[in-house]
Each structure stands twice: as C-alpha cells, then as structure tokens.
Amino acid sequence: PKARFDTLPLAIDELVAVLPAEHELAKDETVGLKALAAYPLILTHAGSQSLVARMFEKAGEHAHVTHELSQLLSILGFVASGQGVSVVASLALPEQYPGVVYRRITSGLSRRVGLACLNDRRLSPAASALWQQAQAGAMKKLRNVAPGSG
C-alpha cells in the first residue's frame, strides 16, 4: 500500500519451502533457512525472487542458487528430480505435485496481495464491478474469521 493509491487487500501469500518428497528435510513440519541454505537452491526469475533473496539476507544466510528458471512447473520438475530445493509463494503452487512436498519456513516471509487504483470512486464500470466484488469477498472472509463466527 502507498498513500497515493486506494488499496483493497485480498490475501496473504506465504513463502514456503519446496522439497523432494524423499528429502531429509521433508520429514519436518517446518524448515529453517539455515537448513535450506545447505542445499542447492532453484529459484524463479519471476515474482518472488527478490523476496526470497531478502529473506535469506535478513536471516544472515547465504543461499547457493544453482538454477534460475522462468516456469514454476520447471522448478517443480527440477526439485522432484532431486536437483535442489526451492522457495516459492504458496498461492502460486498447485495443491499437489508428484515427487515434491511443501513445508512452512520458520521465520519465513509473506507478501500481501491486493488491488490498487488511483481513486476507487473514479473507476470505469467494469473496474468498479471488479472492485465491489473483491470488496464483498474480502468482507465475507473477515466475517468468517471473526470471533464468535464459527
């Protein structure tokens, strides 16, 4: 969010470790960055690459990046074949992929996903309809997690 934009939060997207299913770290529910840094890292050129780099930097760990790929399915294939581990935004991942598991990262990082516009009262009819629909969905989510709603 920036002061000059009207914003509407939609989701929080957590970075997760992507590991070969038989990897020694796969047995744990969460994985530390120090443990991940010990293995070859396969990263994406897109979206979350700078977030991943900052996460390792902030933790004082040096990631050994061996591959940088553009396609998520290529990353998953490389990980499944045992060529390394990866860190990917959870919303980008399929629910399952053969040969890989997803694990939360201790002291991990998340990113906020949302809509932004210069002025939510000056949108085109189509953009206004999208904004209103997203706003209604966000309000519904909030009601479902409010205390006493369950």
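Figured I'd write up the structure that's included with this text.

Next up on the list: a nonpolar patch on the surface. A contiguous nonpolar surface patch, about 230 Å² in accessible area, is contributed by Leu10, Leu91 and Val113. You can see Leu91 is positioned in the loop between strand 5 (85-89) and strand 6 (100-105). The exposed category is assigned to Leu91, whose relative accessible area is 55%.

Time to look at the pattern of salt bridges. Taken as a whole and judged by the stated rule, the model has 3 salt bridges. In this structure, Arg104 engages Glu14 in a salt bridge whose closest nitrogen and oxygen atoms are separated by 3.0 Å. On the criterion of sequence distance, the pair formed by Arg104 in strand 6 and Glu14 in strand 1 (residues 6-20) is long-range, its members being 90 residues apart. Taking the relative accessible area as the measure of exposure, Glu14 reaches 22% and is therefore partly exposed.

Moving on to the layout of surface pockets. A volume near 230 Å³ is recorded for the largest pocket. As for the largest pocket, its lining consists of Pro1, Lys2, Phe5, Thr7, Leu8, Pro9, Arg112, Val113, Gly114, Leu115 and Ala116. Elements with a minimum of two residues in the lining of the largest pocket: strand 1 and strand 7 (110-117). Its residues assigned to classes, the lining of the largest pocket comprises 7 nonpolar, 2 polar and 2 charged.

With that out of the way, let us pick up helix 3 (residues 72-80). All of the buried residues along helix 3 are Ile75, Leu76 and Val79. What you see down the axis of helix 3 is that its buried residues fit within an arc of 95°, all on one side. The first or second residue beyond helix 3 is Gly82, which carries a positive phi of 85°.

The rules we used
Residues numbered from 1 in each chain as written. Predicted model: local features only at pLDDT ≥ 70, side-chain atom pairs only at ≥ 80, totals over all residues. Heavy atoms only, no water. Patch = residues over 30% accessible without salt bridge, like charges linked within 9 Å, V, L, I, M, F, W, Y side chains within 5 Å. Areas by Shrake-Rupley, 256 points an atom, 1.4 Å probe, with all protein chains shown as cover. Salt bridge = Lys/Arg side-chain N within 4 Å of Asp/Glu carboxyl O. Helix = DSSP H or I, 4+ residues; strand = E, 2+ residues; numbered from the N terminus. Buried < 20%, exposed > 50% of the residue type's maximum accessible area, 1.4 Å probe, protein only. 1 Å grid on protein atoms, 1.4 Å probe; cavity = no way out; pocket = protein on both sides within 12 Å on 5 of 7 lines; lining within 4 Å. Points joined across faces, edges and corners; volume = space filled by probe spheres on them. Nonpolar A, V, L, I, M, F, W, Y, C, P; charged D, E, K, R; others polar. Arc of directions from axis to C-beta.

Remember that the coordinates give geometry; whether it matters functionally is a separate question.
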